[in-house]
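One letter stands for each residue in the lines below.
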Amino acid sequence: MASTRIGKQAVVIGAGMGGLTAAGALADRFDRVVVLERDNLPSEPAHRAGTPQARHVHGLLLSGQRALNELFPGFEQDLVRAGAVLLRVGLDVRVERPGYDPFPQRDLGWFGYAVSRPTIEHAVRQRVESFANITLRPRCRVREISGTPNGESVTGVRYENGNGAGETIGADLVVDASGRGTLTLDLLRSLGRPLPEETTIGIDLGYATSVYSVPDDAPTDWKGVMTFGQAPQNSRGGLMLPLEGNRWMVTIGGRHGDVPPGDEEGFLAYAKALRTPTIYNAISHAKRMDDVARYGFPESVRRHFERLDSFPRGLLPIGDAICRFNPVYGQGMSVAALEASLLQRLLERFENDGDPIAGLAPTFFAEMQALIETPWSVAMLDFAFPDTRGQRPADFEATLKFGIALTQLAAEDPAVHKLTLEVQHLLKPRSAYRDPALMQRVLARMAEARPVPAPG
Ligand SMILES: Cc1cc2nc3c(=O)[nH]c(=O)nc-3n(C[C@H](O)[C@H](O)[C@H](O)COP(=O)(O)OP(=O)(O)OC[C@H]3O[C@@H](n4cnc5c(N)ncnc54)[C@H](O)[C@@H]3O)c2cc1C
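A brief structural summary. The structure presented is a predicted model; accordingly, all values stated were derived computationally and were not measured. (Residues numbered from 1 in each chain as written. Predicted model: local features only at pLDDT ≥ 70, side-chain atom pairs only at ≥ 80, totals over all residues. Heavy atoms only, no water.)

### Points about helix α9 (residues 360–379)
- Counted at 1.5 Å a residue, the expected span for α9 with its 20 residues is 28 Å, and the 27 Å between its end C-alpha atoms agrees.
- Of all the bends in α9, the greatest, near 45°, is centred on I372, and the proline P375 appears no more than four residues after it.
- Taking burial as the measure, the 20 residues of α9 include 15 buried ones, the bulk of the element. (Helix = DSSP H or I, 4+ residues; strand = E, 2+ residues; numbered from the N terminus. Expected span 1.5 Å × (residues − 1). Bend = angle between axes of the 7 residues up to and from the residue. Buried < 20%, exposed > 50% of the residue type's maximum accessible area, 1.4 Å probe, protein only.)

### What to know about the pairing of strand β10 (residues 173–176)
- Residues of β10 alternate between two faces, with L173 and V175 on one and V174 and D176 on the opposite face, all of them buried.
- Note: strand β1 (residues 7–13) against β10, four bridges, orientation parallel. Bridged to A10 within β10 is L173.
- In this sheet, strand β16 (residues 315–317) lies alongside β10 in parallel orientation, the contact comprising three bridges. The residue bridging V174 from the neighbouring strand is L315, located in β16. (Pairing = 2+ DSSP bridges.)

### Here's the deal with the site of the ligand
- In the vicinity of the ligand there are 34 residues, among which G18, E37, G59, R117 and D320 approach most closely.
- Measuring from an oxygen atom of the ligand, one finds a side-chain N or O atom of R48 at 2.8 Å.
- One nitrogen or oxygen atom from the main chain of M333 is found 2.8 Å from an oxygen atom belonging to the ligand.
- A total of 990 Å² of accessible area belongs to the ligand in isolation, and the protein chains cover 95% of it.
- Of all the secondary structure elements, the ones that give two or more residues to the shell around the ligand are α1 (17–26), β7 (141–147) and α8 (332–349). (Near = heavy atom within 4 Å. Polar contact = N/O pair within 3.5 Å; in protein donor to acceptor, adjacent residues only side chain to side chain. Areas by Shrake-Rupley, 256 points an atom, 1.4 Å probe, with all protein chains shown as cover.)

### Quick notes on the sheet that holds strand β17 (residues 323–324)
- The mixed open sheet is built from seven strands, whose spatial order is β4-β12-β13-β14-β11-β15-β17. Among the strands making up the open sheet, the edge pair consists of β4 (93–96) and β17.
- As defined by bridge partners, strand β11 (residues 197–213) adjoins strand β15 (residues 293–304) across 11 bridges and the pair is classed as antiparallel. The residue bridging A208 from the neighbouring strand is R294, located in β15.
- Along the sheet, helix α6 (residues 264–272) makes contact with β11 and β14 (247–255), crossing β14 at roughly 75°.
- Of the strands in this sheet, β11, β15 and β17 are in contact with α9, which crosses β15 at around 130°. (Contact = heavy atoms within 4.5 Å. Axes fitted to C-alpha atoms, helices over the stretch in contact; angles between N-to-C directions.)

### Digging into the packing of aromatic side chains
- In total, this model carries 11 aromatic pairs according to the counting rule given.
- With a centroid separation of 5.0 Å and an interplanar angle of 90°, the aromatic rings of F311 and F365 are classed as edge-to-face. Of this pair, F311 sits in the loop between β15 and β16 while F365 sits in helix α9, and the two are 54 residues apart along the sequence.
- Here F311 falls in the buried class, since its relative accessible area comes to 13%.
- Taking 6.3 Å as the distance between ring centres and 70° as the angle between the ring planes, the aromatic pair formed by F364 and F365 counts as edge-to-face. Here the two residues F364 and F365 agree in accessibility, since each one is buried. (Phe/Tyr/Trp six-rings, centres within 6.5 Å; stacked < 30°, edge-to-face > 60°.)

### Overview of the pattern of salt bridges
- Here the structure, examined in full by the defined rule, presents 31 salt bridges.
- The salt bridge involving D355 is made with R313; its shortest N-O contact spans 2.9 Å. Taken together, the residues span a long stretch of sequence, with D355 in the loop between α8 and α9 and R313 in the loop between β15 and β16 at a distance of 42 residues.
- D355 gets classed as partly exposed once you look at its relative accessible area, which sits at 35%.
- Connected through shared salt-bridge partners, E37, D39, R48, R117, E121 and R125 make up one network. (Salt bridge = Lys/Arg side-chain N within 4 Å of Asp/Glu carboxyl O.)

### Looking at the nonpolar core
- In this structure, L26, V157, L343 and F364 are the most contacted members of the largest nonpolar core, which totals 93 residues.
- V157 has contacts with V11, I13, L36, V142, E144, I145, S146, E167, T168, I169 and V174, leaving out every residue within four places of it along the chain.
- The next biggest cluster of nonpolar side chains, apart from the first, holds 24 residues, and it includes Y100, F103, L406 and L409. (Core = buried A, V, L, I, M, F, W, Y, C linked by side-chain atoms within 4.5 Å.)

### Points about the sheet that holds β7
- Strand order in the open sheet made by the three strands is β7-β8-β9, with antiparallel pairing throughout. Edge positions in the open sheet fall to β7 and β9 (166–170), since each of these has one partner strand only. Taking the axes of each pair of neighbouring strands and ignoring which way they run, one obtains an average angle of 25° across the sheet.
- As paired strands, β7 and strand β8 (residues 154–160) are joined by six bridges and run antiparallel to one another. Bridged to R141 within β8 is E160.
- With respect to the sheet, helix α5 (residues 182–190) is in contact with β7 and β8, its orientation differing from that of β7 by roughly 35°.

### Section: a nonpolar patch on the surface
- A surface patch of nonpolar side chains, about 250 Å² in accessible area, is lined by V80, L86 and F111.
- Note that L86 resides in strand β3 (residues 85–88).
- According to the relative accessible area criterion, L86 is partly exposed, its value standing at 37%. (Patch = residues over 30% accessible without salt bridge, like charges linked within 9 Å, V, L, I, M, F, W, Y side chains within 5 Å.)

### Regarding the side chain of H417
- With respect to the helices and strands, the residue H417 is situated in helix α11 (residues 414–424).
- The class of H417 is buried, set by a relative accessible area of 4%.
- H417 has contacts with G90, F103, P104, R106, L108 and A410, leaving out every residue within four places of it along the chain.

### As for the packing of helix α2 (residues 62–71) against α8
- Viewed as axis vectors pointing N to C, α2 and α8 meet at an angle of 40°, and their least axial separation amounts to 8 Å. On the basis of the axis angle, α2 is oblique to α8. The element α2 and its partner α8 pack so that their crossing is left-handed. In this structure, α2 contributes S63, G64, A67, L68 and L71 to the contact, and α8 contributes S334, A337, L338, A340, S341 and Q344.
- Residues that form the contact of α2 with α8 fall into these classes: six nonpolar, five polar and no charged. (Parallel < 35°, antiparallel > 145°, perpendicular 65-115°, else oblique. Left-handed = near helix turned anticlockwise from the far one by under 90°. Nonpolar A, V, L, I, M, F, W, Y, C, P; charged D, E, K, R; others polar.)

As far as function goes, none of this settles anything; it's purely spatial.
Okay, here's the thing in structure tokens:
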């Protein structure tokens, strides 16, 4: 059955993961969707200035993988064709955490894909380009979101095209997927409206990444490695995943000043000082294929748009513009794709409403809370490090003890291991841990108070 159109034109700001997936979600409901991107968009997977984070490991969670596959049926095959390395989740990545070097590796029956961020984005972009009614306009930097004089509704955007000339474009709906979301905040400011409250978790994370050719004598008992330090003393960690083209991408990092340098020698020295030698041993004789790239991530930020009394009709921020998570947990792309799926469902739900666009943003803000609750609660684990800034939850010690006991059970019991991975991959909410039978086991374990290391 054909979908009901709810507007003539939607404009999406930004062709990153949030913008591209949102464009896919909007295509059925608008005559035309125009995506404005400030960068030139390469015809092949390649780095670009607007997404500097793409030089670092980008793990795609199972929830994100599934959401992308629903938005773009057959997407997983696109990743396979692009050279993604198949990973058996729970088995192929060696996870090293204090007390478990490694954590038991088990085949839990799921496949994930390890692939570079530019290749993931390129695969999504190709899908988006295949829609007849979506136009990608590269080298168009949006300068301003414009609205009606009374500030009630958004009417379009003003942007600068590739020649530096100013242009305007009208829209029934503007989606701000610019990552920073400053255009939305600027509009609210210019209208004299309140800005959303922000919750921040200051982590001062420093990342450094390098790419290596996989050597012929690479270990065969793992395809990737995740190494955690001993919190709270040691914030250093590393993640090494395979990439298309028989490469390894190695990201190492730490917090609050204990961050890796940007030269090769310093990079290797930092890798050597990780809590375990696995990553260093793997790369010390491997051929380096790229310069060391660095990234500083000061804080996780959650903007509470859901608390605003009103919001301009026809405007919707999405992805990082609403919530930026500590990248260590690999959640941002998946949350962006899940938000796009929510947007698609809301457009379907509202299609026969008199004014479907009026209710869109408030309902989106309300319903996405359930979606970001679990990833945000994961980001809160950063309070395990005493220098973390922000509002430490009152019951945080209990949360840590609960996590330690749960980890012990997961190491022993494949069913609990599977559940913890389902929560980590955002397939199930964290509330799944409140299952009464599981709670009883965790509490019993906590009561035993066996000496255990803190989680990394
Ligand atoms: C170091 C690091 C590592 C990460 N690792 C992971 C990971 O392992 N797994 C994971 O899922 N997530 C990871 N993330 C998070 C992930 O990159 C983001 O959450 C995700 O890209 C969010 O998508 P977005 O569309 O909101 O923003 P982005 O993908 O950043 O896209 C924003 C786009 O908007 C464009 N733009 C900005 N301003 C304008 C303008 N004025 N006009 C036109 N275009 C504009 C930019 O050029 C860019 O293309 C990581 C992030 C960082 C920083």
